[in-house]
Amino acid sequence: MAGHVIEVKDLVKRYGDLKAVDGTNFHVDKGEVFSILGPNGAGKTTTVEIMECLRKPTSGTINVLGFDVAKEAREIRKKVGILPQEFNTYDLLTVRENIDYFGAMFDRRIPTQELLDAVNLNEKEDVFYKNLSGGLKQRVGVAIAMVNDPEIIFLDEPTTGLDPKARREVWDIIRDLKKRGKTVILTTHYMEEAEILSDRLAIMNDGKFIAYDTPRAIIKEHGYGTLCVIKSGSRAVADMLKAQGLNCELKENDVHCWMQNKADLQIIFRQLESSGAYYDEVLVKRSSLEDVFLRLTGRHLVEEV
Amino acid sequence: MKIDRILVDLKVTGKMFIRNKGAVFWTFAFPVLLILIFGAIFSGMNDATYTLYVQDNDPGLYSDKFIAGLEESGVLEIEMVDSDANVTKYIKDNSVTSFLVIPANFTANVSNGTQVAYVELLQDQTQQSSSVVSSVVNAVVNNFNNVLSGSVEHISVDSGAIVENNLSYIDLFLPGIIGLTAMTNCVFYMQGVQSRYYSTGIFRKLSTTPFTRFEWLLSRALWQIALVFMSVISIIVVGMLFFDVHLTITIEAILMIIAGCLVFTGLGMIISRFSKDEESANAAASVITFPMMFLSGSFFALESMPSYLQTIAKVMPLTYMNEGLRDTMIYGNAESALFNLGVLAILAVVFMAIGTYISKWTED
Ligand SMILES: Nc1ncnc2c1ncn2[C@@H]1O[C@H](COP(=O)(O)OP(=O)(O)OP(=O)(O)O)[C@@H](O)[C@H]1O
Ligand SMILES: [Mg+2]
């Protein structure tokens, strides 16, 4: 168990008849970025807030930094930092005043200047919180989560609703937290984000973890491997490749070939060239967490993209 | 408990208040607008419309003094009616709205000291002016009683004392405005801030800090008290500048304002706890404060309301604040003021305790 900063066994949280969290088991290693990826209502916030001691589990044992969530919440709170979902701090205080305020509320604190540096907000320190863009607001939230120099930082959907550029800026800050040796627990419904940032992740749906490992291992286990798409390829192309022992199929106007090994790609190109068959272009795609989710649940992770 | 944290929280709250121009404006302007509007309406009516018909059946000295007191209030025009006139017929024939009958034994009862001396006030309560007239009559009666009980052996009514307390509608009205301001300020601020901080996650954030719910609530209550005193000062200043009010600021009044703030802060906490979101909390706050605004004697004296409404008023905390403030700031009736202060203090403890106990920062 050494190195596990969080240990969760058989966690269940019920709201009436609804099982918001339905028997999850997992652990988080020291210094890693651990993500919980899932659609709306999956139970991400419930899981995270139980670890933060903000909600009580219906059953299960949860250990954070060696402390029991049920009995030693006070100790845990000193050592964790949280960014609640859809967090908004005081509108009419400046960035610096907001950080100062929460700093004063904790017994232990990092100098505000250091936090401003950490989230790259030096130029905005005197701007009212309400006048910041969404991305900058989230950075203030992260700075506030760091104010007590926590060992574990929980970020509940820090990038939801941000434009792609602002999202990337938040990613940089998360990477930076990891570099500082913090353990980061992140929830998101963007698979790309989970894949890029996480050391390990769980895919959550209807209160259950349906996959739990490193992104690579999850994709390897549940994904379809590598896919070659021949755009506007004909049925003749598909049949020709099938004759070569490839796993191909015509989907709408494209030919999809699932790769078994690297040599398959050479076969495809050779066949296309020698036959002179018509096609637009050839794309090679690795399967993603989105595909894994679709495969495991029959649903898309993010409804409209 | 750490005072430091409370002070930090108060300082930040003050800063945000000053930066919120709208909040600053309404804190000072709302009560002032009320006074200016009502003051203008009622002071304009002073000269012509407040006629009190008086039938004096008492040959003695005190009835004359009493009538002199009514006259010196400056608000009423006294019209004497023959003592052998039939009261019911007279009222009917002359469309009288307020008629005061002083019985023959008035002086006897007053000087007796053990007997209660009655006067009878007949009013058409559908008329707006009737409440003003009854307030003034009550004020003079109160004054009389004070003066009388002050010197039991040698009973004399010093008309000078009555002149000093020369009451007008605005005098009666100002304490009501103070109560009303305390109520709306505290209830709406508290339910607003609680629902807002719940939905923005500030409470969830605070609950991971050593700052406790109790410390936070204490900071809120202190802030509310400070804010209401700012309003009260603006009310009194405007009252003095424009309307020549005759209020005395007493320790009881100050304690009563503090207790009232706590009552309504607690009420705001309770309302927001039982509401789903900010809008419904706001609606609930309106539903609860609106009847109190009109039935607790802020605008009209309670005595002028039908008796079933007076019964309803008895269960409204604002009633005790308004009555108590009038007792101490206008009538100088310490005994009644202390009673109302006591009721308010008990309510303050109860409401704050319930509010603190049930308020929540997190889901469960
Ligand atoms: N306090 C509560 N009372 C009743 N049901 C709740 C409560 N909190 C959460 N739920 C329900 O539990 C389920 C999980 O909610 P949760 O907020 O954990 O999901 P989530 O994965 O964080 O979703 P989102 O992406 O929308 O934030 C949902 O169906 C939600 O409606
Ligand atoms: Mg959530």
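Residues numbered from 1 in each chain as written. Chains lettered and ligands numbered in written order. Predicted model: local features only at pLDDT ≥ 70, side-chain atom pairs only at ≥ 80, totals over all residues. Heavy atoms only, no water.

1. Considerations on the domain arrangement of chain B
No. 1: For chain B, the domain assignment lists domain 1 (3-43 + 168-358) and domain 2 (50-149).
No. 2: Here the C-alpha centre of domain 2 of chain B lies 36 Å away from the C-alpha centre of domain 1 of chain B. (Domains from an automatic or database assignment.)

2. As for the side chain of Lys205 of chain B
No. 1: Position of Lys205 of chain B among the secondary structure elements: in helix α9 (residues 202-206).
No. 2: In this structure, Lys205 of chain B is buried with no salt-bridge partner, the nearest side chain bearing the opposite charge being Glu52 of chain A at 8.6 Å.
No. 3: Among the polar contacts listed, one links the side chain of Lys205 of chain B to the backbone oxygen of Ile82 of chain A, at a separation of 2.6 Å.
No. 4: Setting aside chain neighbours within four positions, we find Lys205 of chain B in contact with Ile82, Pro84, Phe87, Phe102, Ile144 and Ala145 of chain A. (Helix = DSSP H or I, 4+ residues; strand = E, 2+ residues; numbered from the N terminus. Buried < 20%, exposed > 50% of the residue type's maximum accessible area, 1.4 Å probe, protein only. Lys, Arg positive; Asp, Glu negative; His and termini not counted. Salt bridge = Lys/Arg side-chain N within 4 Å of Asp/Glu carboxyl O. Polar contact = N/O pair within 3.5 Å; in protein donor to acceptor, adjacent residues only side chain to side chain. Contact = heavy atoms within 4.5 Å.)

3. Concerning the pairing of strand β8 (residues 183-188) of chain A
Residue and element names in this part refer to chain A.
No. 1: Among the six residues of β8, six are classified as buried, and the element is accordingly described as predominantly covered.
No. 2: Residue alternation in β8 divides its side chains into two sets, Thr183, Ile185 and Thr187 and Val184, Leu186 and Thr188, and both sets are buried.
No. 3: One ladder, built from five bridges, connects strand β7 (residues 152-156) with β8; its direction is parallel. Directly across from Asp156, in β8, lies its bridge partner Thr187. (Pairing = 2+ DSSP bridges.)

4. Observations concerning a nonpolar patch on the surface
Residues and elements named next belong to chain B.
No. 1: Where nonpolar side chains cluster on the molecular surface, the patch consists of Phe25, Trp26, Phe30, Leu33, Leu36, Ile37, Ile41, Ile233, Val237, Leu241 and Phe242 and spans about 1100 Å² of accessible area.
No. 2: For the nonpolar patch, the secondary-structure elements that each account for two or more residues are α2 (21-49) and α10 (213-243).
No. 3: Structurally, Val237 is set in helix α10.
No. 4: Overall, the relative accessible area of 41% leaves Val237 in the partly exposed class. (Patch = residues over 30% accessible without salt bridge, like charges linked within 9 Å, V, L, I, M, F, W, Y side chains within 5 Å. Areas by Shrake-Rupley, 256 points an atom, 1.4 Å probe, with all protein chains shown as cover.)

5. Observations regarding the environment of Asp264 of chain A
All names here are of chain A.
No. 1: In this fold, Asp264 is placed in helix α10 (residues 263-275).
No. 2: For Asp264, a relative accessible area of 6% gives the class buried.
No. 3: Taking the C-alpha atoms as reference points, Asp264 and Leu241, 23 residues apart in sequence, are found 9.8 Å from one another.
No. 4: Leaving out residues up to four positions away in the same chain, Asp264 has contacts with Leu246, Trp258 and Met259.

6. A closer look at the packing of helix α9 (residues 235-243) of chain A against α10 of chain A
All names here are of chain A.
No. 1: Where α9 meets α10, the axes come as close as 11 Å, and the angle between the chain directions of the two elements is 130°. Here α9 is positioned oblique relative to α10, judged by the angle of their axes. Here the hand of the crossing between α9 and α10 comes out right-handed. On α10, the residues touching Val237, Met240 and Leu241 of α9 are Ile268, Gln271, Leu272 and Ser275.
No. 2: Residue classes in the contact of α9 with α10 are distributed as five nonpolar, two polar and no charged. (Axes fitted to C-alpha atoms, helices over the stretch in contact; angles between N-to-C directions. Parallel < 35°, antiparallel > 145°, perpendicular 65-115°, else oblique. Left-handed = near helix turned anticlockwise from the far one by under 90°. Nonpolar A, V, L, I, M, F, W, Y, C, P; charged D, E, K, R; others polar.)

7. With respect to the pairing of strand β1 (residues 4-15) of chain A
Residue and element names in this part refer to chain A.
No. 1: The sheet contact formed by β1 and strand β2 (residues 18-29) spans nine bridges and is antiparallel. Pairing of Val8 across the sheet is with Phe26, part of β2.
No. 2: Taking the residues that link successive antiparallel strands as the turn, the β1-β2 hairpin has two residues, and the phi of Gly16 there is positive, at about 60°.
No. 3: In terms of strand pairing, β1 meets strand β4 (residues 59-64) through five bridges, oriented antiparallel.

8. Observations concerning the domain arrangement of chain A
No. 1: Each assigned domain of chain A is listed here: domain 1 (4-79 + 151-221) and domain 2 (224-286).
No. 2: Spacing between the C-alpha centres of domain 1 of chain A and domain 2 of chain A amounts to 39 Å.

9. Side note on the interface of chain B and chain A
When the parts come together, some accessible area is lost, and that loss is often what is quoted as the size of the interface.
No. 1: In this assembly, 25 residues from chain B lie in contact with 28 residues from chain A.
No. 2: Taken over both partners, the interface formed by chain B and chain A buries close to 2500 Å², and the fraction arising from carbon and sulfur atoms is 63%.
No. 3: At the junction of chain B and chain A, the tally comes to three salt bridges.
No. 4: For Glu49 of chain A, the salt bridge goes to Arg204 of chain B, with nearest N and O atoms at 3.0 Å.
No. 5: For the pair chain B and chain A, the interface holds eight residue pairs in polar contact (both at pLDDT 80 or more).
No. 6: Among the secondary structure elements, those contributing two or more residues to the side of chain B that touches chain A are α1 (3-19), α8 (169-200) and α9 of chain B. (Buried area = accessible area lost by both parts, 1.4 Å probe.)

10. Focus: the coordination of the magnesium ion (ligand 2)
Residues and elements named next belong to chain A.
No. 1: Taken together, the protein donors to the magnesium ion (ligand 2) comprise Thr45 (OG1) and Gln85 (OE1), at separations of 1.8 to 2.1 Å. Of the two residues, Thr45 sits in helix α1 (residues 44-51) while Gln85 sits in the loop between β6 (80-83) and α3 (95-105), which places them 40 residues apart along the sequence.
No. 2: Here Thr45 falls in the buried class, since its relative accessible area comes to 14%. (Donors = N, O, S within 2.8 Å, 3.2 Å for Na, K, Ca; no water.)

11. So, unusual backbone geometry
Across residues other than glycine, the phi torsion is negative in most instances, and most of the peptide bonds are trans.
All names here are of chain A.
No. 1: In this structure, Leu65 is a non-glycine residue whose phi angle is positive, near 55°.
No. 2: Relative to the helices and strands, Leu65 resides in the loop between β4 and β5 (67-68).
No. 3: Located in the positive-phi region is Asn120, a residue other than glycine, with phi close to 60°.
No. 4: Take Asn120: it is sitting in the loop between α4 (112-118) and α5 (134-145).
No. 5: Residue classification places Asn120 among the exposed residues on the basis of a relative accessible area of 58%.

12. A short note on the packing of aromatic side chains
No. 1: What the rule picks out here adds up to 19 aromatic pairs over all chains.
No. 2: Ring plane angle 90° and centroid distance 5.0 Å describe the contact between Tyr101 of chain A and Phe102 of chain A, whose orientation is recorded as edge-to-face.
No. 3: By relative accessible area, which is 1% here, Tyr101 of chain A ends up buried.
No. 4: The exposure class assigned to Phe102 of chain A is buried, which follows from its relative accessible area of 0%.
No. 5: Seen from their ring centres, Phe209 of chain A and Tyr212 of chain A are 6.2 Å apart, and the 35° between their planes marks the pair as tilted.
No. 6: Owing to a relative accessible area of 28%, Tyr212 of chain A belongs among the partly exposed residues under this scheme.
No. 7: One aromatic cluster in this structure is built from Tyr90, Tyr101 and Phe102 of chain A together with Tyr197, Phe203, Trp216 and Trp361 of chain B. (Phe/Tyr/Trp six-rings, centres within 6.5 Å; stacked < 30°, edge-to-face > 60°.)

13. Things to note about the nonpolar core
All names here are of chain B.
No. 1: By size, the foremost hydrophobic cluster in this structure holds 57 residues, and its most contacted members are Leu180, Met183, Ile257, Phe264, Met321, Leu325 and Met329.
No. 2: Those elements giving two or more residues to this core turn out to be α2, α8, α10, α11 (251-273), α12 (278-295), α13 (307-314), α14 (317-331) and α15 (334-358).
No. 3: Residue contributions to this core peak at 11 residues, all from α8.
No. 4: Residues contacting Phe264, with those up to four places away along its chain left out, are Ala182, Met183, Cys186, Val187, Met292, Pro317, Leu318 and Met321. (Core = buried A, V, L, I, M, F, W, Y, C linked by side-chain atoms within 4.5 Å.)

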